[in-house]
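# Overview (structure and organization)
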Amino acid sequence: MNGLAALTIVAIIVFGTIGFALIGVRRVKMNPEQYIVGGRSFGTIFLWVLQAGEIYTTFTFLGIAGFAYSQGAPALYVVSYGTIAYVIAYFLAPAVWKVGKENNLLTNADFFETRYKSRALGVGVAVLSFAMIVPYVTIQLSGLQILLRIAGYGAYDATAAVAVGFLVMASFVFTTGLRGTAWASVVKDILVLAAVLFAGIVIPVHFFGSPRALFDHVLALHPHMLTLPRGRAFHGTLWFASTVLLSALGFYVGPQTFNSVYSARSGDALRRNAIFLPFYQILASLMIFAGLSAMLINPGLTGPAVDQSFLLVVQRYFPPWVLGLVAGAGALAALVPASALLLAGASVITKNVAGDAFGLATSDRSRTLLTRIVVVVVALLALGIWMIAQKTVVELLLLYYNGITQFFPGVVAAFVWKRATAWGAGLGILAGVAVAVPLAALNVTPLGLNAGFIGLLANVVVLVAVSLATRRAPMSS
Amino acid sequence: MRPAPPSGALLLRALLAAIPVFALSFGVVLVNRVEPRILGFPFLFCWIAAWVLLTPAFLWTIGRVEKRW
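Note that the coordinates shown come from a computational prediction; the quantities given were computed from them, not determined experimentally. (Residues numbered from 1 in each chain as written. Chains lettered and ligands numbered in written order. Predicted model: local features only at pLDDT ≥ 70, side-chain atom pairs only at ≥ 80, totals over all residues.)

## Brief notes about the overall build of chain A
A tally of regular secondary structure across chain A gives 20 helices and zero strands. Compactness check: chain A gives a C-alpha radius of gyration of 22 Å against a globular reference of 23 Å for 477 residues, within 12% of the reference. Counting only C-alpha atoms, chain A reaches 65 × 55 × 45 Å along its principal axes. Looking at the 477 residues of chain A, the share that counts as buried comes to 61%. Intrachain contacts of chain A at a sequence separation of at least 6 include 82% that bridge at least 24 residues. (Helix = DSSP H or I, 4+ residues; strand = E, 2+ residues; numbered from the N terminus. Rg over C-alpha atoms; globule rule 2.2 N^0.38 Å. Buried ≥ 20, exposed ≤ 12 C-beta atoms within 10 Å, placed from the backbone. Contact = placed C-beta atoms within 7 Å.)

Set out below in structure tokens:
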């Protein structure tokens with residue numbers, strides 16, 4: 001009965017959010033620009049809501065708590081790198097937006113094609129982006145399944161519910177495009193804020209009396225958990241500094257991020273947005289308190305189960321309606337970013353592969369229609385992969401995390417180095433992915449350095465060497 | 001259209017951006033301690049939280065230097 005009550009609340013939250021967003025987007029006339037980048041009309045606040053909505057996923061919240069549960073202070077790296085990423089965004093996002101506005105760009109692949117004057121590079125970036133997006137959508141489904149299973153008190157196998165929830169979300173994106181994702185983000189951000197305040201403040205106060213007492217308990221039982229190991233030790237200060245810097249580079253170059261950057265009304269809207277986004281990181285630190293509390297209340301979880309640590313505390317010690325609200329917020333944190341990813345994945349295929357490479361669906365009307373159809377195809381593909389191969393999905397994710405950062409040198413070089421060529425950027429990305437993904441898959445960390453970092457080095461070396469050896473295409477459009 | 005920002009302030013802008021980036025990355029080497037605790041929170045946690053809150057002020061100041069607002 002408890003499970004039914006909690007799951008009912010989750011369902012009400014998900015369907016209520018979709019209803020709210022449908023009201024928000026009514027009477028918007030759809031063309032590709034409206035559908036994919038919101039008509040380039042979003043101001044600072046709407047943009048803030050959208051970006052917070054698509055950046056912070058279920059795994060951000062469950063993962064931070066889980067990391068704090070098992071490691072303690074190293075989990076602070078998430079708080080640090082997100083904040084650094086917004087310093088980079090302050091400079092990079094308005095520059096990307098300007099190129100997008102002047103050239104009517106819709107996707108990240110368009111950016112590469114325009115700046116490097118190479119259609120082949122655009123198509124290559126589109127294909128690689130698509131290959132990264134599908135597993136990233138899939139991992140959201142795994143997050144949703146964990147949530148629904150716990151919300152159902154383990155009584156239900158949530159697979160069918162995951163499929164239904166996800167397909168409803170896909171048909172929602174089919175109807176509304178990026179504007180719908182932004183409206184859904186409004187509800188998601190408010191509910192996640194409430195859930196995180198509950199997890200990070202109410203739980204520690206309820207069990208320990210105050211945050212001070214929580215830290216006293218942690219210090220008494222695990223005196224080393226509230227600082228980083230020294231120097232080169234695993235999860236030590238050097239690991240912290242290098243991982244924080246690397247992760248910050250990858251944070252803003254995901255294909256879905258380009259869509260939200262293009263959706264801005266002006267460069268200054270993006271600059272103000274970069275100023276306000278760090279405040280969202282405070283929520284991430286609250287999840288660390290939740291993870292530390294869960295470690296004291298319910299110790300003994302190991303491996304991937306640590307990600308469930310704080311939800312299990314809610315399940316065991318709070319009434320079903322509280323669990324339902326928390327899990328509902330978590331479900332939105334899976335579905336809202338997934339909707340942005342579906343749209344980004346569909347837009348690179350429609351615009352850059354079908355449109356630019358094969359000359360299909362180039363009118364506004366047919367392009368909007370094809371994007372909608374591809375949204376559903378991508379959704380079914382992600383769902384199919386998830387159902388067939390749930391375990392290997394986590395390994396596929398290495399492609400996303402280590403691959404996505406490899407777009408960074410090409411984006412920056414497009415602005416700061418006139419000599420950079422399409423061959424240099426393209427082969428640099430390939431070299432970076434070819435180095436980083438196998439290293440990460442085999443869990444090799446040469447000299448204690450992160451695999452993505454080694455990939456970036458290879459990427460930059462190839463970008464520079466090949467660019468010097470090739471000639472930049474003559475100006476043309 | 002607003003005028004282009006003055007380029008003479010390049011060094012100042014770079015410095016304003018570099019300070020929070022350093023504080024939140026290699027800066028942790030200097031503050032990797034539990035004591036002194038502030039309101040019960042370990043010092044390392046306070047340091048990072050403080051820089052999360054200070055970073056917007058630095059970015060806003062860069063915007064001022066660029067005469068954007």
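## Focus on the overall build of chain B
Across its full length, chain B carries two helices and zero strands. Counting only residues that meet the buried cut, chain B has 29% of its 69 residues in that class. Long-range contacts, defined here as pairs at least 24 residues apart, represent 58% of the contacts in chain B between residues at least 6 apart.

## A word on helix α2 (residues 43-65) of chain B
For α2(B), built from 23 residues, the straight-helix expectation of 33 Å at 1.5 Å per residue is met to within 8% by its first-to-last C-alpha distance of 32 Å. In the structure, α2(B) departs most strongly from a straight axis at B:Leu53, where the bend amounts to approximately 30° and where the proline B:Pro56 lies between one and four residues downstream. The set of residues buried in α2(B) consists of B:Phe45, B:Trp47, B:Ile48, B:Trp51, B:Val52, B:Thr55, B:Pro56, B:Phe58, B:Leu59, B:Ile62 and B:Gly63. On its buried side, α2(B) packs onto α5 (76-103), α12 (267-276) and α13 (281-297) of chain A together with α1 (10-24) of chain B. Remark: B:Lys67 follows α2(B) within two positions and exhibits a positive phi of approximately 55°. (Expected span 1.5 Å × (residues − 1). Bend = angle between axes of the 7 residues up to and from the residue.)

## Considerations on the interface of chain B and chain A
Taken residue by residue, the interface counts 28 residues in chain B and 31 residues in chain A. Residue assignment for the side of chain B that touches chain A shows that the elements contributing at least two residues are α1 and α2 of chain B. Ranked by residues supplied to the side of chain B that touches chain A, first place goes to α2(B) with twelve residues.

## Describing the packing of α5(A) against α1(B)
With their axes 9 Å apart at the nearest point, α5(A) and α1(B) run at an angle of 165° to one another. Classified by the angle their axes make, α5(A) and α1(B) are roughly antiparallel. In this structure, α5(A) crosses over α1(B), and the sense of that crossing is left-handed. When α5(A) is examined against α1(B), the residues A:Ser80, A:Thr83, A:Ile84 and A:Val87 are found in contact with a partner set consisting of B:Ala17, B:Pro20, B:Val21 and B:Leu24. Along the lines of polarity and charge, the residues of the contact of α5(A) with α1(B) split into six nonpolar, two polar and no charged. (Axes fitted to C-alpha atoms, helices over the stretch in contact; angles between N-to-C directions. Parallel < 35°, antiparallel > 145°, perpendicular 65-115°, else oblique. Left-handed = near helix turned anticlockwise from the far one by under 90°. Nonpolar A, V, L, I, M, F, W, Y, C, P; charged D, E, K, R; others polar.)

## Description of the confidence of the model for chain A
On average, chain A scores 87 in pLDDT, and the residues at 70 or more come to 95%. Here helix α17 (residues 392-404) of chain A stands out as the least confident element of chain A, with mean pLDDT 70; α5(A) is the most confident, with 94. (pLDDT = per-residue confidence, 0-100.)

## Quick word on unusual backbone geometry
In this chain, B:Glu35 is followed by B:Pro36 through a cis amide linkage whose omega measures -5°. The backbone of A:Asn104 shows a phi angle near 55°, a positive value even though the residue is not glycine. Relative to the assigned elements, A:Asn104 resides in the loop between α5 and α6 (108-116). Phi angles above zero are rare outside glycine, and B:Leu39 is one such case at about 55°. Locating B:Leu39 in the fold gives a position in the loop between α1 and α2. C-beta crowding within 10 Å serves as the criterion here: with 8 such atoms nearby, B:Leu39 is assigned to the exposed category.

## Some thoughts on the environment of A:Ser363
If you trace the backbone, A:Ser363 turns up in the loop between α15 (320-357) and α16 (364-388). By the C-beta count within 10 Å, which is 11 here, A:Ser363 ends up exposed.

## What to know about the packing of helix α1 (residues 2-25) of chain A against helix α8 (residues 159-208) of chain A
All names here are of chain A. It is at 7 Å that the axes of α1 and α8 come closest, and there the two elements cross at 95°. In terms of their interaxial angle, α1 and α8 are classed as roughly perpendicular. Between α1, through Ile13, Val14, Thr17, Ile18, Phe20, Ala21, Leu22, Gly24 and Val25, and α8, the contact on the second element is made entirely by Gly165, Val168, Phe172, Thr176, Arg179, Gly180, Trp183, Ala184, Val187, Lys188 and Leu191. Partitioned by chemical class, the residues of the contact of α1 with α8 number 13 nonpolar, five polar and two charged.

## Some points on the nonpolar core
Membership of the largest hydrophobic core comes to 198 residues, with the highest contact counts inside it found for A:Met287 and A:Leu342. Setting aside chain neighbours within four positions, we find A:Leu342 in contact with A:Val137, A:Ala170, A:Val173, A:Val375, A:Val378 and A:Ala379. (Core = buried A, V, L, I, M, F, W, Y, C linked by C-beta atoms within 7 Å.)

## Here we look at the confidence of the model for chain B
Confidence in the prediction of chain B, expressed as mean pLDDT, is 88, and 88% of residues score 70 or more. Overall fold confidence (pTM) sits at 0.89, and the ipTM for the predicted complex is 0.92.

## Digging into the environment of A:Thr371
Residue and element names in this part refer to chain A. Along the chain, threonine 371 turns up in helix α16. Taking the C-beta count within 10 Å as the criterion, threonine 371 has 26 such neighbours and is therefore assigned buried. Through-space distance from the C-alpha of threonine 371 to that of leucine 311 is 37 Å; in sequence the pair is 60 residues apart.

## Focus on helix α7 (residues 119-151) of chain A
All names here are of chain A. Helix length check: α7 (33 residues) gives 48 Å between terminal C-alpha atoms against 48 Å at 1.5 Å per residue, within 8%. Among the 33 residues in α7, 28 count as buried, and that is most of the element. Taken from the residues just after α7, tyrosine 153 is the one with a positive phi, measuring 50°.

## Observations regarding the environment of A:Phe61
All names here are of chain A. Mapped onto the elements of the fold, phenylalanine 61 is located in helix α4 (residues 58-71). With 28 C-beta atoms packed within 10 Å, phenylalanine 61 lands in the buried category. Taking the C-alpha atoms as reference, phenylalanine 61 lies 38 Å from aspartate 356; in sequence the two are 295 residues apart. Apart from the residues lying within four places of it in its own chain, the contact partners of phenylalanine 61 are Val196, Met287, Gly330 and Ala333.

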